[in-house]
Every structure is written in structure tokens, then in C-alpha cells.
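These are the residues of each chain, in order.
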Amino acid sequence: RCLPAMLVSERVKRLLQLVPGQRRFGFYRFLPFFFVLGGAMEWFMINVRIGKETFYDVYRRKQSERLYEARME
């Protein structure tokens, strides 16, 4: 079933109003959520292996490949 955009928008507004600290911090009251989300993403990228590699293994490999190609030129 499809909800009208206005109804969804009102639900999101109501959900955001439940986060405390609006008068004192304004929009910055969401900052702790973003901080925790960023930390969780960083932990995931460092520790979770997909196949045989983590995201940082791929980054280091690509960086060393670029350095090698730059030296060969």
C-alpha cells in the first residue's frame, strides 16, 4: 500500500521530535548518533573481512600499486 508523501513526512517529523535537546542544541542534538555511526563504519572497514580482504587491505594494495606505477614512469 502506498502512503502519501505528506503522511510519511509528518511521521518523520514526529520521530525526530522524540530526540531530546531540541531547544538547547537544535540540529546538533543528532551529532552523537552520527559520531557512533561513523565509528561503527570505521570498525566494520577495519575488522570485517569480505572474502579474504578488508577494505583497508584493498586500500593499501591500491596505494602501493599507484606508488609502483609512479616510480616506473
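Residues numbered from 1 in each chain as written. Predicted model: local features only at pLDDT ≥ 70, side-chain atom pairs only at ≥ 80, totals over all residues. Heavy atoms only, no water.

Draft legend 1. Spatial organisation of a nonpolar patch on the surface. On the surface, a cluster of nonpolar side chains totalling about 850 Å² of accessible area is made up of Phe25, Phe27, Tyr28, Leu31, Phe34, Leu37 and Met41. Broken down by element, the nonpolar patch gets its largest block of residues, 4 residues, from helix α3 (residues 31-47). Positionally, Phe34 belongs in helix α3. (Patch = residues over 30% accessible without salt bridge, like charges linked within 9 Å, V, L, I, M, F, W, Y side chains within 5 Å. Areas by Shrake-Rupley, 256 points an atom, 1.4 Å probe, with all protein chains shown as cover. Salt bridge = Lys/Arg side-chain N within 4 Å of Asp/Glu carboxyl O. Helix = DSSP H or I, 4+ residues; strand = E, 2+ residues; numbered from the N terminus.)

Draft legend 2. Representation of the UniProt feature "transmembrane region" (unreviewed entry) in the protein within the structure. With numbering aligned to this structure, UniProt lists the feature "transmembrane region" (unreviewed entry) at residues 26-46. Along residues 26-46 one finds 76% helix and 0% strand; the C-alpha atoms at either end are 33 Å apart. (UniProt positions renumbered as here; feature names shortened; annotations may be inferred.)

Draft legend 3. The arrangement of the pattern of salt bridges in detail. For the structure shown, the criterion picks out 4 salt bridges. The salt bridge involving Arg61 is made with Glu53; its shortest N-O contact spans 2.4 Å. Of the residues examined, Arg61 reaches a relative accessible area of 31% and is grouped as partly exposed. Of the residues examined, Glu53 reaches a relative accessible area of 31% and is grouped as partly exposed. The partner of Arg60 in a salt bridge is Asp57, with the nearest N and O atoms 2.6 Å apart. Highlighted residues: Arg60 and Asp57, both in helix α4 (residues 55-72), separated by 3 residues, approximately one helical turn. Linked by salt bridges that have partners in common, Arg49, Asp57 and Arg60 make up one network. (Buried < 20%, exposed > 50% of the residue type's maximum accessible area, 1.4 Å probe, protein only.)

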